[in-house]
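Working through the structure, step by step
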Amino acid sequence: MQFNKKNILSLLIYILSVAAFTLTDFFVISFDDNNIIADWAFYKSSIFIVGSVCILGFDQLLLRNINSYSVLKKQFLVQSFVISLIIIFVFYYFQTFEKSIYMGVIGFTYSYLMFQAGFYRANGNLTQSQIRTNFWKIIFLAFLVFFYFFNFDLNLPLLLTLSMLFVVFLDIFSKDPTSLKNQSDFNDFKMNTIVGFYLFLHSFSLVIANYGEQFLINIYNKKEISSLIFTYNTVYNSVILAVIAFIGFALGPKVRNDKYFNKKKYIKYMLSIFLIAIFVSLINSIVVYIFYDYMPFIFVFEKDVYILILLLSLLKSVYIMPSLCLGVFGTNDSLRKSSIISLILALIYVICFLFLLKYNFRYLVQGLLVVMLLQWIGKIVISNYYVVKELDKK
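Scope of this entry: the structure provided in the associated data block. Quick caveat, the model's predicted, so the values are computed rather than measured. (Residues numbered from 1 in each chain as written. Predicted model: local features only at pLDDT ≥ 70, side-chain atom pairs only at ≥ 80, totals over all residues. Heavy atoms only, no water.)

**Remarks on the packing of aromatic side chains**
Per the stated rule, a full pass over the model turns up 28 aromatic pairs. Here Phe42 and Tyr43 contribute two aromatic rings whose centre-to-centre distance is 5.5 Å and whose plane-to-plane angle is 65 degrees, an arrangement assigned as edge-to-face. Exposure remark for Tyr43: the relative accessible area of 6% places this residue in the buried category. Arranged with centres 5.6 Å apart and planes meeting at 75 degrees, the rings of Tyr319 and Trp376 form a pair that is edge-to-face. Within this pair, whereas Tyr319 is found in helix 11 (residues 303-329), its partner Trp376 is found in helix 13 (residues 364-391), the two being separated by 57 residues in sequence. Looking at Tyr319, the relative accessible area reads 3%, which means it is buried. By relative accessible area, which is 1% here, Trp376 ends up buried. (Phe/Tyr/Trp six-rings, centres within 6.5 Å; stacked < 30°, edge-to-face > 60°. Buried < 20%, exposed > 50% of the residue type's maximum accessible area, 1.4 Å probe, protein only. Helix = DSSP H or I, 4+ residues; strand = E, 2+ residues; numbered from the N terminus.)

**Side note on the nonpolar core**
Within the largest apolar cluster, 111 residues are counted, with the highest numbers of intra-cluster contacts made by Trp136, Cys325 and Phe353. Among residues more than four places away in sequence, those in contact with Trp136 are Phe21, Ile47, Tyr110, Leu113, Leu160, Ser163, Met164 and Val167. Judged by nonpolar contacts, the second largest core, of 7 residues, contains Tyr14, Val18, Leu126 and Ala250. (Core = buried A, V, L, I, M, F, W, Y, C linked by side-chain atoms within 4.5 Å. Contact = heavy atoms within 4.5 Å.)

**Quick notes on helix 5 (residues 97-122)**
Helix length check: helix 5, at 26 residues, gives a terminal C-alpha distance of 37 Å against a target of 38 Å (1.5 Å per residue), a fit within 8%. Burial analysis of helix 5 places 19 of its 26 residues in the buried class, which makes it a mostly covered element. Immediately beyond the C-terminal end of helix 5, within one or two residues, lies Gly124, with a positive phi of roughly 80 degrees. (Expected span 1.5 Å × (residues − 1).)

**Looking at a nonpolar patch on the surface**
There is a patch of nonpolar side chains on the surface, built from Val78, Phe81, Val82, Leu85, Ile86, Phe89, Val90, Tyr93, Phe94, Ile219 and Tyr220 and spanning about 1100 Å² of accessible area. Looking at the nonpolar patch element by element, the count peaks at 7 residues for helix 4 (residues 69-91). Along the chain, Leu85 falls in helix 4. When its relative accessible area of 36% is taken as the criterion, Leu85 is described as partly exposed. (Patch = residues over 30% accessible without salt bridge, like charges linked within 9 Å, V, L, I, M, F, W, Y side chains within 5 Å. Areas by Shrake-Rupley, 256 points an atom, 1.4 Å probe, with all protein chains shown as cover. Salt bridge = Lys/Arg side-chain N within 4 Å of Asp/Glu carboxyl O.)

**Points about the environment of Ile247**
Its place among the elements puts Ile247 in helix 9 (residues 223-257). For Ile247 and Ile8, which are 239 residues apart along the polypeptide, the C-alpha to C-alpha distance reads 13 Å. Ignoring sequence-local partners within four residues, the contact set of Ile247 consists of Ile273 and Ile276.

**With respect to helix 7 (residues 156-172)**
The end-to-end C-alpha separation of helix 7 is 24 Å, in line with the 24 Å expected for 17 residues at 1.5 Å each. Leu156, Pro157, Leu159, Leu160, Thr161, Ser163, Met164, Val167, Val168 and Asp171 are the residues of helix 7 that are buried. Looking at the buried positions of helix 7, the neighbouring elements they touch are helix 2 (34-55), helix 5 and helix 6 (126-149).

Pasting the structure below:
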């Protein structure tokens, strides 16, 4: 990726948003209250889970059909609105009606921002894509700090909703993106839905792998476990995954537009990402070790938990390339088969996770982390198999 002014601006927005979200995590942890930490972990995970359900893979569908924005947007808006209504009724079973409304609105607005970001990303406009993807995180931190210092009630779902709506209004009043590209006729409702659904299964299984543990742990109301895993993830994983996520974000259009992309380049990129992840994780661990006694919150260092969390971050980093390449090069048949296998794997993961949560034993946290590790290994193996299969045909 060549670093021009636009790329630097997109990188700056990304860095600021990641810093804001990371500061939000540390800000919440500083309360040293398991209930507050667990609540934030639940809402944070819910954003990405309900958002991915609402968008139903259409952000990735844009990456494959960048000239069909107008047609895809009409279908997306209708189905996303319907799904958000269903989400309200689902959440009403274990949340108040007010919070259920918030989750429905958050699901719709977040999916809208991801759809718009997907279009700009597919067209190589990383700055506009980053604004829609991440700017709400900066706004949310501003709201959080303002409400805290003026002693207002920290209504997390309300603040999340306001933050996202702010960026939605910015998008609505910005230039119409349809003028950026000639629009083609891709008005095949059935095909859009099928391909989008396959892509959704992949992204949803990824979201479950990334955020499902906090969602499930909080359903079982195990606040202490939720707080512990969230704290370790924040301290040891947030920087690593932020760096790798941006690399994946920037590589998307580059890989898609590379006519000579092959298996050799695929392996080279994946190995490079892995090495970068190891380097960043080592630096991060050293910094945490040096400043451990000066942190504004208390957490007991557990060597086994640290090692498992670190392995998780490395597996998540490696998965970036198989996931990206499957979305770009995968045929409908490969997407169908891999998405079904991924869904089965996600269901097995959820069942095992819930089974462990039913029991309170000494190494419950370690057991949950091992299940998470196995889930990520399975995802890498599945996606890598189909990516290599498609690249071998080139």
